[in-house]
Amino acid sequence: MSLMFASPVRITPTVRSFTLTSSRRCNYTVMSAVRSDSASTCSVFTKFQNDCETPTPFLRNVADAISDDMRAGLAVEGGGDLPMILTYVDALPSGKEEGLFYALDLGGTNFRVRSVQLGGKQERVVAAESEQLSIPKELMIGTSEELFGFIASNLANFVAKEKPGRFQLETGKKREIGFTFSFPVNQTSIVSGTVIKWTKGFKVSGMEGKNVVACLNEAMEAHGLDMRVSALVNDGVGTLAGARYWDEDVMVGVILGTGTNACYVEQKQKIPKLHSKSSSGTTIINTEWGGFSKILPQTIFDQELDEESINPGEHLYEKMISGMYLGEVVRRVLLQMCKTTDLFGQSIPVKLSTPFALRTEDLCKMQEDNTDDLLSVGTILYNIFEVEANLKERKRVVEVCDTVVKRGGRLAGAGIVAILEKIERETKRMASGQRTVVAMDGALYEKYPQYRRYMQDALVELLGHSLASHVAIKHTKDVSGLGAALLAATNSIY
Ligand code: ADP
Ligand code: MG
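Residues numbered from 1 in each chain as written. Chains lettered and ligands numbered in written order. Predicted model: local features only at pLDDT ≥ 70, side-chain atom pairs only at ≥ 80, totals over all residues.

## A word on the overall build of the protein
Here's step 1: Each helix and strand counted, the protein has 17 helices and 13 strands in total.
Here's step 2: Whereas a compact globule of 494 residues would reach a radius of gyration of roughly 23 Å, the protein reaches 23 Å, a difference of no more than 12%.
Here's step 3: Counting only C-alpha atoms and orienting by the principal axes, one finds that the protein spans roughly 75 × 50 × 40 Å.
Here's step 4: Burial analysis of the protein (494 residues in total) assigns 48% to the buried set.
Here's step 5: In the protein, once contacts between residues fewer than 6 apart in sequence are set aside, the share between residues at least 24 apart is 74%. (Helix = DSSP H or I, 4+ residues; strand = E, 2+ residues; numbered from the N terminus. Rg over C-alpha atoms; globule rule 2.2 N^0.38 Å. Buried ≥ 20, exposed ≤ 12 C-beta atoms within 10 Å, placed from the backbone. Contact = placed C-beta atoms within 7 Å.)

Spelled out as structure tokens, the structure:
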């Protein structure tokens, strides 16, 4: 497996002096069922654009507020918006791991199963196989038996197809699994934890207070699978561990996919809630930063999205920066523009009222359109909303996409800076010229170049050129699965 190395972030900052005052936010035109064609003095779009602004001083405040919540969460349980979960992962992969291990990855959109035959320091990954399925929508809001039954039955199919020549399980050993469960979990050991809350549109019943691993074990037993979960990790931890296997400078793992999260290497002595002052060394902290909800540039569209979500009032950062929501924010803005101006003609397209009709993938495709007449923007709008948009309208739609993506990318950058600065305060590694790598996974970061660029701009603006020159953001596709398998190896009972 080869990893793509991004070059250190070297982007000219676009620093503007901008004082954030409430006066820059003006009132939206009141939403009405009857369209009013009169041009508002402060149009929906202009106001939205203003409200989404994230000038450098404002981003600095966001990074500092995230940093404060990190500190508060490390001090006591529930001290801040960020739970700063102890992951019980103290040892990261060394490269010496050997044997056959499995990984299950329950993300927000997809479910992946993977097997890896590890050959130690020299041979590394000898063989690997993986399979990906989309998670049926009904399972996201069904029962735990249904969800874990789905996981176990697909795992059983996967194992049944295994080619014996390629993969070898040592006699006397059970197949061991690293289980990546990408929802906030209150971890009680490396192999147990309970769901704190569901996110990303999931709401699975029957799991309150129940050990996630026990749920999987029951389902595996029901499917006649004699396997053992040796590590319960989250996708951020998996990403950090998987990337560290190839690169010793990896200190942070960030997810920007359906949802978002970040994990990093922390000094145990800097974790007051660990209550063991003598503890030395490092451990991985799962920030669950998606839960950050302070001082964010929330517009009426974000508020309405939040109110109608499965977890109102929570995970406001995630709702502004992650793939599940960017398209939906744009749709809400377009709908309001349609209601108050003559965007898309005289009538309001019915499909524009369908929640989540516009996906983040669609925004990305529209922003990719380099043609003068924005042909593919027109096609996408026609296919999704059945509207025939003229060139001016297409341009306007792209501007709305860019506004939302810019805000999302920049806010994500501020979060990364908060973590990097914390690491820097404790280790001074960047100041002493040591390369520091942020391992990144998730299709939003991978596939959305504008998002990536905005994120990197923010990083340089806040960190400054000097420190930023030692930071590399390294996209490590699907590495979290490898990381989970490696952590199963590290925590093997054999
Ligand atoms: P998960 O978060 O479920 O582990 P991924 O990392 O594959 O899965 O992320 C899937 C999410 O990434 C989608 O929900 C979507 O929001 C976003 N995404 C997928 N493809 C693209 C794309 N081409 N452009 C922008 N965003 C995308
Ligand atoms: Mg994922």
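## Quick word on the site of ligand 1
Here's step 1: Lining the immediate surroundings of ligand 1 are 16 residues, of which Gly107, Gly257, Gly323, Cys364 and Ala443 lie closest.
Here's step 2: Put simply, the parts of the chain that give the shell around ligand 1 at least two residues each are helix H10 (323-340), helix H11 (360-368) and helix H14 (443-447). (Near = placed C-beta within 6 Å.)

## A word on the UniProt feature "domain: Hexokinase N-terminal" (unreviewed entry) in the protein
Here's step 1: The UniProt record marks residues 46-245 with the feature "domain: Hexokinase N-terminal" (unreviewed entry), using the residue numbering of this structure.
Here's step 2: Structurally, residues 46-245 is divided into 37% helix and 27% strand, and its ends, taken at the C-alpha atoms, are 47 Å apart. (UniProt positions renumbered as here; feature names shortened; annotations may be inferred.)

## Notes on the sheet that holds strand S5 (residues 175-181)
Here's step 1: Read across the sheet, 5 strands follow the order S4-S3-S2-S5-S8 without closing on themselves; strand pairing throughout is mixed. The two strands at the open ends of the sheet, each matched to only one other strand, are strand S4 (125-134) and strand S8 (227-233). On average, each strand axis in the sheet is inclined to that of its neighbour by 20°, with strand direction left out of account.
Here's step 2: Here strand S2 (residues 98-106) pairs with S5 via 6 bridges, running parallel. From the neighbouring strand, Tyr102 faces S5, where its bridge partner is Ile177.
Here's step 3: Each of S2, strand S3 (110-119), S4, S5 and S8 is contacted by helix H17 (residues 479-490), which is oriented at about 130° to S2, the strand it contacts most. (Pairing = 2+ DSSP bridges. Axes fitted to C-alpha atoms, helices over the stretch in contact; angles between N-to-C directions.)

## Concerning H11
Here's step 1: Buried residues of H11: Thr360, Asp362, Leu363, Cys364 and Met366, and no others.
Here's step 2: Where H11 is buried, its residues meet H10, helix H12 (375-385), helix H13 (391-427) and H14.

## Observations regarding the packing of H10 against H11
Here's step 1: Where H10 contacts H11, the two axes come as close as 7 Å, and the packing angle between them is 70°. Classed by the angle they form, the pair H10 and H11 counts as roughly perpendicular. Packed against H10, whose contacting residues are Gly323, Leu326, Gly327 and Val330, the element H11 presents Thr360, Asp362 and Leu363 at the interface.
Here's step 2: Here the contact of H10 with H11 is built from residues that sort into 3 nonpolar, 3 polar and 1 charged. (Parallel < 35°, antiparallel > 145°, perpendicular 65-115°, else oblique. Nonpolar A, V, L, I, M, F, W, Y, C, P; charged D, E, K, R; others polar.)

## Brief notes about the sheet that holds strand S9 (residues 250-256)
Here's step 1: Ordered by their spatial adjacency, 6 strands build an open sheet running S1-S11-S10-S9-S12-S13, and the pairing between neighbours is mixed. Only two strands of the sheet have a single neighbouring strand rather than two, namely strand S1 (85-86) and strand S13 (471-475).
Here's step 2: Relative to strand S12 (residues 436-441), S9 runs parallel, the two being bridged by 5 bridges. When the sheet's bridge partners are listed, Ile255 is paired in S12 with Asp441.
Here's step 3: Along the sheet face, H13 touches S9, strand S10 (260-267), S12 and S13 and points at about 5° away from the line of S10.

## Comments concerning unusual backbone geometry
Here's step 1: Although it is not a glycine, Lys200 sits at a positive phi angle of roughly 55°.
Here's step 2: Locating Lys200 in the fold gives a position in the loop between strand S7 (192-195) and helix H6 (212-222).
Here's step 3: By the C-beta count within 10 Å, which is 24 here, Lys200 ends up buried.
Here's step 4: Its identity is not glycine, yet Lys428 carries a phi of approximately 55°, on the positive side.
Here's step 5: By the secondary structure assignment, Lys428 is in the loop between H13 and S12.

## Topic: the environment of Gly172
Here's step 1: Along the chain, the position of Gly172 falls in the loop between helix H5 (144-160) and S5.
Here's step 2: In this structure Gly172 comes out as exposed when scored by C-beta crowding, with 6 C-beta atoms within 10 Å.
Here's step 3: With 322 residues separating them in the primary sequence, Gly172 and Tyr494 have C-alpha atoms 9.3 Å apart.

## Points about the pairing of S2
For a regular strand, side chains alternate in direction, first toward one face of the sheet and then toward the other.
Here's step 1: Of all 9 residues making up S2, 7 are buried, and the element is well covered by its neighbours.
Here's step 2: Sheet analysis places S2 next to S3, joined by 9 bridges and oriented antiparallel. Counted as the bridge partner of Tyr102 is Ser115 from S3.
Here's step 3: Between the antiparallel neighbours S2 and S3 lie 3 residues.

## Considering the environment of Ala241
Here's step 1: Examined against the element boundaries, Ala241 turns out to sit in helix H7 (residues 235-246).
Here's step 2: The class for Ala241 is buried, based on 31 C-beta atoms found within 10 Å.
Here's step 3: Spatially, the C-alpha atom of Ala241 lies 8.4 Å from that of Val479, the residues being 238 residues apart in sequence.
Here's step 4: Apart from residues no more than four positions distant in its own chain, Ala241 is found in contact with Val89, Leu92, Pro93, Gly483, Leu486 and Leu487.

## Quick notes on the packing of H11 against H12
Packed helices, taken two at a time, are described by the angle between their axes plus the distance between the axes.
Here's step 1: Across the interface, H11 lies against H12 with an axial gap of 8 Å and an inter-helix angle of 155°. Put simply, H11 runs roughly antiparallel to H12. Of the residues in H12, those in contact with Asp362, Lys365 and Met366 of H11 are Ser376, Val377, Ile380 and Ile384.

## Description of helix H1 (residues 44-52)
Here's step 1: Within H1, burial applies to Val44, Phe45, Phe48 and Cys52. Seen end-on, H1 carries its buried residues on one side only, within an arc spanning 90°.
Here's step 2: Its buried side turned inward, H1 meets H10 and H13. (Arc of directions from axis to C-beta.)

## Comments concerning the environment of Arg331
Here's step 1: By the secondary structure assignment, Arg331 is in helix H10.
Here's step 2: Since 26 C-beta atoms lie within 10 Å of it, Arg331 is described here as buried.
Here's step 3: Considering only alpha carbons, one finds Arg331 and Met320, 11 residues apart in sequence, at a separation of 14 Å.
Here's step 4: The residues contacting Arg331, other than those within four sequence positions of it, are Leu352, Ala357 and Leu358.

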